[in-house]
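# Structural overview
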Amino acid sequence: SCSGWEGVVPACYGHQVGAKSCRCPVRDGKEWYQLAMVIRSAQSRFTVLFGMGRSGTKVHQAIENLLKGYKLNWFDQDGNAYYSESEWKMILAFQEFWTKYSPTLIASELHIFSNNHLYAGTVDLIIEMNGRKWILDIKTSKSLHFTYDLQLASYAEAWNEHNPNDKIENYGIL
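Calculation criteria
Residues numbered from 1 in each chain as written. Predicted model: local features only at pLDDT ≥ 70, side-chain atom pairs only at ≥ 80, totals over all residues. Heavy atoms only, no water. Phe/Tyr/Trp six-rings, centres within 6.5 Å; stacked < 30°, edge-to-face > 60°. Salt bridge = Lys/Arg side-chain N within 4 Å of Asp/Glu carboxyl O. Helix = DSSP H or I, 4+ residues; strand = E, 2+ residues; numbered from the N terminus. Pairing = 2+ DSSP bridges. Axes fitted to C-alpha atoms, helices over the stretch in contact; angles between N-to-C directions. Contact = heavy atoms within 4.5 Å.

### Here we look at the packing of aromatic side chains
What the rule picks out here adds up to eight aromatic pairs. Three or more aromatic residues joined by ring pairs form one cluster here, namely Trp 74, Phe 75, Tyr 82, Tyr 83 and Trp 88.

In structure tokens:
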């Protein structure tokens, strides 16, 4: 059960949810990008458990609304803030990026999977910019983790598996 990964991965998803048996993709010798999915899953449960994901969820929802063409307001008509100052700054930074680079939106919040490597996830944005396709992930954390690169490479790998004539070779974090 996940032997050989102690200290790298807290435990695979199956073990963390108390499954009686588990097919740990990392233990079964799959590629490094599956490690990213296991770690991300563990980080997500930690975030939800301690309530730290609310801000990220609000920012993601606001960006999704901007992409749909909705106007966002920081305050309601009574002067109550919809977003914290830090959330609003993140939203404005995204809007500045979108205005400056004028990417074409291909997909947002796209559920993606790999049959070859047995993982799945949700891509925040797939865009085309300067003739190249990109996967972009929106992060509200103040620090960068090594798993982010693995996560995005995994998403690109899954996309390319299903779209061999329309490959994504670029990815980034906003």
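### A short note on the pattern of salt bridges
Under the defined criterion, the tally for this structure stands at five salt bridges. Where Lys 89 meets Glu 85, a salt bridge forms, and the shortest distance between an N and an O atom there is 3.3 Å. Taken together, the residues span about one helical turn, with Lys 89 and Glu 85 both in helix H4 (residues 85-101) at a distance of four residues. The closest approach of N and O atoms between Asp 137 and Lys 139, which form a salt bridge, is 2.6 Å. Taken together, the salt bridges that share partners define one network made up of Glu 128, Lys 133 and Asp 166.

### Points about the sheet that holds strand S1 (residues 104-114)
Read from one edge of the open sheet, four strands run S1-S2-S3-S4, paired in mixed fashion. Either end of the sheet is taken by a strand with one partner, and the two such strands are S1 and strand S4 (170-173). With strand direction ignored, the average angle separating the axes of adjacent strands in the sheet is 35 degrees. Judged from the nine bridges that link them, S1 and strand S2 (residues 119-129) form a sheet pairing that is antiparallel. Bridging across to S2, Ala 107 finds its partner in Ile 126. Across the sheet, helix H3 (residues 54-67) touches S1 and S2, and the angle it forms with S1 is around 130 degrees. Strand contacts of H4: S1, S2 and strand S3 (132-137), with the helix running at about 45 degrees to S2, the strand carrying the most contacts.

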